[in-house]
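Structural overview for review
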Amino acid sequence: MSKSPITCHVLDVSIGRPAEGVEVNLQVYHKGPGGIDVFNPLAQGVTDADGRCSTLLPPHNSAEAKKTGKELRAGTYKIVFKPTDYFEKIGRKCFYPWVEIAFDIENPDEHYHIPLLISPYSYVTYRGS
């Protein structure tokens, strides 16, 4: 695989177009002191003109992934989309300042694609391919 093992795609369903310029943050879960749930930053990116972000992490099992310590492992992750700037840029208000989607990775050798269908007042997600 020559792309990030975790990718995403944001579509603005209110206008039927990709959402360019949405900030995307990937976080990894661990149990903190006292059993507190903690998500730590792992990577960040921005959606391109096609609404995609395919460069969050280095390709799985690559030298770059090993060197940077950003190898995908089994566990719980969260992807946080920040659509406010995108909607402001096109002259619209946004009810959701960010959309957080937690998901489990059982097999780090698989590709995980998280699409987000968004409008100023709603969103839907699913596991893509």
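Along each chain, numbering runs from 1 in the same order as the chain's sequence is written. Confidence filtering applies because this is a predicted model: local features only for residues at pLDDT of at least 70, side-chain atom pairs given and counted only at 80 or more, and all residues used for totals across whole chains, interfaces and linings. The basis for every side-chain value is the complete set of heavy atoms in the structure, and neither hydrogens nor water enter the calculation.

1. Section: the nonpolar core
Joining through side-chain atoms within 4.5 Å is the link that ties buried Ala, Val, Leu, Ile, Met, Phe, Trp, Tyr and Cys residues into a set, and such a set is a nonpolar core. Only protein chains enter the area calculation, which uses a 1.4 Å probe; residues under 20% of their type maximum are buried, those over 50% are exposed, and those in between are partly exposed. Core analysis: the largest hydrophobic core is formed by 27 residues, its most contacted members being Ile6, Leu26, Leu56, Ile79 and Phe81. In this description a helix means any DSSP run of H or I spanning at least four residues, a strand means any run of E spanning at least two, and both kinds are numbered starting from the N terminus. For this core, the secondary-structure elements that each account for two or more residues are β1 (6-12), β3 (23-31), β4 (37-46), β6 (75-82), α2 (84-89), β7 (99-105) and β8 (112-119). The contacts of Ile79, once residues within four sequence positions are left out, are Cys8, Val24, Asn25, Leu56, Val99, Glu100, Ile101, Phe103 and Ile114. Any two residues whose heavy atoms approach within 4.5 Å are treated as being in contact.

2. Some points on the side chain of His9
With respect to the helices, strands and loops of the structure, His9 is situated in strand β1. Judged by relative accessible area, which is 12%, His9 ranks as buried. A polar side-chain atom of His9 sits 3.0 Å from the main-chain carbonyl oxygen of Asp50. Between N or O atoms, a polar contact is any pair within 3.5 Å; within protein, one atom must be a potential hydrogen donor and the other a potential acceptor, and residues adjacent in sequence are included only when both atoms are from side chains. A polar atom in the side chain of His9 sits 3.5 Å from the side chain of Arg52. If we skip the residues at most four places from it in the chain, His9 touches Asp50, Gly51, Arg52, His113, Ile114, Pro115 and Leu116.

3. Thoughts on the packing of aromatic side chains
Geometrically, a pair of aromatic rings is defined through the distance of the ring centres and the angle of the planes. Here a Phe, Tyr or Trp ring, Trp counted by its six-membered ring, pairs with any other such ring whose centre lies within 6.5 Å, and the pair is stacked when the planes are under 30 degrees apart, edge-to-face when over 60, and tilted otherwise. Inspection of every chain in the model, using the stated rule, returns 6 aromatic pairs. The interplanar angle of 35° and the centroid separation of 6.3 Å between the aromatic rings of Phe95 and Tyr121 together place this pair among those described as tilted. Within this pair, whereas Phe95 is found in the loop between α2 and β7, its partner Tyr121 is found in the loop between β8 and β9 (122-125), the two being separated by 26 residues in sequence. Judged on exposure class, the residue Phe95 and its partner Tyr121 are both exposed. Through a chain of ring-to-ring contacts, the aromatic side chains of Phe95, Tyr96, Tyr121 and Tyr123 assemble into a single cluster. Whether a charge lies above a ring is judged from NZ of Lys or CZ of Arg, which has to be within 6 Å of the ring centre and within 35 degrees of the ring normal. Here Lys78 stacks its cationic end above the ring of Phe39, 4.3 Å away from the centre of that ring.

4. What about the confidence of the model for the protein?
Scored between 0 and 100, pLDDT is the confidence that the predictor attaches to each residue. Within the protein, residue pLDDT values average 93, and 98% of them lie at 70 or more. The least confident element of the protein, judged by mean pLDDT, is helix α1 (residues 63-68) at 77; the most confident is strand β2 (residues 17-18) at 98.

5. Looking at the environment of Asp12
With respect to the helices and strands, the residue Asp12 is situated in strand β1. Sequence spacing of Asp12 and Lys78 is 66 residues, and the spatial spacing of their C-alpha atoms is 21 Å. If we ignore the near neighbours within four places in the chain, the residues touching Asp12 are Arg17, Pro18, Ala19, Tyr86, Phe87, Ile90, Arg92, Ile118 and Ser119.

6. Brief notes about the environment of Asp50
Locating Asp50 in the fold gives a position in the loop between β4 and β5 (52-53). Residues Asp50 and Pro5 lie 45 residues apart in sequence; the distance between their C-alpha atoms is 18 Å. Apart from the residues lying within four places of it in its own chain, the contact partners of Asp50 are His9 and Pro18.

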